[in-house]
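# Survey of secondary and tertiary structure
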Amino acid sequence: MKIYLKRAVLFCLLLLLLLPAGQAKFNWVDTGQLTGYYDAPAPPPDLSWESLWNNTFQPALERYLEEHIGFRVWLIKARNQIVYDVLHETNDPNLFVGPNNSLFDSRTLFDYVGMGAHADSATIRRHIHRLRVVQDTLARRGKLLIFVASASKASFMPENMPAYFRRSGRYRPSNYEQYTAAMRAAGINLLDLSQALRSWKDTASYPLFPQSGGHWSDYGAALVGDTTMRYVERKYGRPMRDYRLKAGTVGIAPNDNDTDTEKALNLLYPLAPHIMKYPQVEYEPLKPGQYRPSALIIGDSFVFTVLYSFFAQSFDDKNSRYWHFNVVNRNIAWPSELPEGTDMSKLDYKAQYLARDIIMIMFTEYNMDNRLDYGFSDSAYKLLVPYTHADTLRIQALEDQLSRKPGLSDYWWAKETETGRSRQQLIHEAAVARYDSIR
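Per chain, the residues get numbers from 1 upward, laid out in the order the sequence is written. In view of the model being predicted, local features appear only for residues whose pLDDT reaches at least 70, and side-chain atom pairs are presented and counted only at 80 or more, with totals across whole chains, interfaces and linings using the full set of residues. Think of the side-chain values as coming from all heavy atoms in the structure, minus any hydrogens and water.

### Concerning the nonpolar core
Put simply, buried Ala, Val, Leu, Ile, Met, Phe, Trp, Tyr and Cys residues joined by side-chain atoms within 4.5 Å make one nonpolar core. Relative accessibility decides the category of a residue: with a 1.4 Å probe and only protein chains considered, values under 20% of the type maximum give buried, values over 50% give exposed, and everything between is partly exposed. Core analysis: the largest hydrophobic core is formed by 45 residues, its most contacted members being Trp216, Met229, Phe311 and Phe315. Every helix listed is a DSSP run of H or I at least four residues long, and every strand listed is a run of E at least two residues long, numbered separately from the N terminus. For this core, the secondary-structure elements that each account for two or more residues are helix H5 (106-112), strand S3 (144-150), helix H7 (153-156), helix H10 (193-200), helix H11 (218-236), strand S7 (295-299), helix H13 (304-314) and strand S10 (358-364). Element by element, the count of residues in this core is highest for H11, at 7 residues. Judged by nonpolar contacts, the second largest core, of 35 residues, contains Leu145, Ala149, Met344 and Leu372.

### A few points about the environment of Ala151
Counting through the fold element by element, Ala151 comes out in the loop between S3 and H7. Any two residues whose heavy atoms approach within 4.5 Å are treated as being in contact. Not counting residues within four places of it along the chain, the set of residues in contact with Ala151 comprises Leu193, Ser194, Leu197, Phe209, Trp216, Phe302, Thr364 and Glu365.

### With respect to a nonpolar patch on the surface
Patch construction takes residues with relative accessible area above 30% that form no salt bridge. Like charges are linked within 9 Å, and nonpolar side chains (Val, Leu, Ile, Met, Phe, Trp, Tyr) are linked within 5 Å. Only the protein chains shown count as covering a residue, and every accessible area follows the Shrake-Rupley method with a 1.4 Å probe. Within this document, salt bridges are pairs made up of a side-chain nitrogen of Lys or Arg and a carboxyl oxygen of Asp or Glu, the two lying within 4 Å of each other. Taken together, the side chains of Phe11, Leu15, Leu19, Phe26, Trp28, Val29 and Trp74 define a hydrophobic patch exposed on the protein surface, amounting to about 710 Å² of accessible area. Considering the arrangement of structural elements, one finds Trp74 in helix H4 (residues 72-87).

### Side note on unusual backbone geometry
Residues Trp334 and Pro335 are joined by a peptide bond in cis, for which omega reads -5°. When you line up the elements, Pro335 lands in the loop between strand S9 (330-334) and helix H14 (349-354). For Asn100, which is not a glycine, the phi torsion comes out positive at approximately 60°. Checked against the element boundaries, Asn100 lands in the loop between strand S1 (95-98) and strand S2 (102-105). Even without being a glycine, Asn101 presents a positive backbone phi close to 55°. On the secondary structure map, Asn101 appears in the loop between S1 and S2.

### Concerning the UniProt feature "domain: AlgX/AlgJ SGNH hydrolase-like" (unreviewed entry) in the protein chain
UniProt positions are given in the numbering used here, feature names are shortened, and annotations may be inferred rather than shown by experiment. Here, UniProt's "domain: AlgX/AlgJ SGNH hydrolase-like" (unreviewed entry) annotation points to residues 118-249. Segment residues 118-249 splits into 52% helix and 13% strand. End C-alpha atoms: 41 Å apart.

### Considerations on the side chain of Asp369
Assignment of secondary structure puts Asp369 in the loop between S10 and helix H15 (376-384). Leaving out residues up to four positions away in the same chain, Asp369 has contacts with Ala117, Ala119, Asn175 and Tyr179.

### Points about the packing of aromatic side chains
Pairing of aromatic rings covers Phe, Tyr and Trp, the last counted by its six-membered ring, and requires centre-to-centre distances within 6.5 Å; plane angles under 30 degrees mean stacked, over 60 mean edge-to-face, and any other angle means tilted. Tallying each qualifying case throughout the model produces 22 aromatic pairs. When the ring of Tyr353 is compared with that of Phe376, the centres are 5.2 Å apart and the planes differ by 85°; the resulting orientation is edge-to-face. Taken together, the residues Tyr353 in helix H14 and Phe376 in helix H15 connect sequence positions 23 residues apart. On the basis of relative accessibility, which here comes to 3%, the residue Phe376 falls in the buried class. For the ring pair Tyr387 and Tyr435, a centre distance of 6.3 Å and an interplane angle of 65° mean the geometry is edge-to-face. Note that Tyr387 is positioned in the loop between H15 and helix H16 (389-404) and Tyr435 in helix H18 (residues 423-438), a separation of 48 residues in sequence. Through a chain of ring-to-ring contacts, three or more aromatic side chains come together here, namely Phe96, Phe110, Tyr164 and Phe165.

Pasting the structure below:
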């Protein structure tokens with residue numbers, strides 16, 4: 001009996017070793033694909049004297065075998081499921097789990113508690129001043145500039161943040177709070193959807209943010225899309241295309257948008273579903289006297305949640321553009337036909353700005369860092385209100401004053417360390433900011 005037991009154990013161990021190898025070779029079972037972002041599988045290593053001599057072959061072979069082992073997708077999902085069920089955590093360092101299975105992107109958490117990339121007061125003043133100048137310059141040409149602040153999940157439901165972030169408190173006001181306060185004071189056309197969503201939170205009939213998603217829900221998107229178009233029409237001053245919100249459907253099976261964060265976890269089993277609402281938007285044909293203005297929309301992924309249901313219907317779908325920015329990429333995401341091409345580095349930006357009736361800047365709270373609008377205000381300011389030769393001479397004079405001013409050596413040294421920029425760059429930026437404030 002004992003010998004049979006030993007043989008059975010040996011057989012099971014051999015099976016455990018051979019099954020992944022057999023699956024890798026013959027692909028017996030379709031194990032599916034991982035979802036979310038992950039690096040492409042390693043290519044086969046190059047066996048050569050050079051790779052053997054410089055010791056790159058073995059690490060490459062180890063990575064290749066690890067990433068091509070049979071049942072890899074199932075093994076990763078099983079590991080993630082165990083960590084999630086037992087520790088209530090994730091294996092992704094950028095995703096956190098709060099109460100009630102509320103999933104959070106790290107950026108929204110760190111930004112809300114004031115631990116994210118901080119925009120200093122000089123940077124905020126520069127952006128706000130330039131936005132206001134650009135807004136006025138465009139207005140004189142009959143064009144409308146609007147800044148839309150999208151909501152962050154952490155500021156919308158701080159009570160569901162993971163325990164560490166709830167206990168840590170807030171180190172300082174977020175960039176969003178400082179930027180929007182400055183925009184209001186400067187008279188910039190600001191639509192604060194973050195504030196609006198929080199004001200609807202207690203009376204909303206269905207979740208405005210899904211627990212397993214990072215963007216507002218389809219129900220929340222319908223409300224903010226409706227609010228945005230009403231705001232745009234009022235500021236634009238002309239009647240735009242009519243539409244109506246239809247009740248849509250109510251279900252417990254969240255769609256892709258409502259589960260985008262959960263999909264990145266790569267778990268074996270889906271999280272418990274919640275009742276969600278999926279309204280529909282129905283547009284009516286354009287009537288005499290109504291307008292579909294052209295728009296240049298510059299923003300992050302939150303734009304996608306309302307792009308096709310509202311913006312593509314309300315704005316001229318041939319002459320409008322959506323420039324999508326994220327932390328690693330930028331591209332023209334809409335529409336599909338682009339006479340000017342898809343290479344954003346070759347665009348005539350001044351012509352692009354002046355070709356639209358409306359420029360809408362739309363970023364969510366945690367993307368409103370020291371870049372605020374990913375370069376729009378700096379670019380538009382330089383192109384639409386360029387410095388004259390006299391302006392340049394005055395800026396150079398201010399640079400000379402700042403560089404000769406005694407007692408600032410320690411200050412510049414600290415700024416160099418903090419920002420990683422040279423002293424010459426910092427002094428130039430300070431001189432430009434000072435000149436802009438009196439220009």
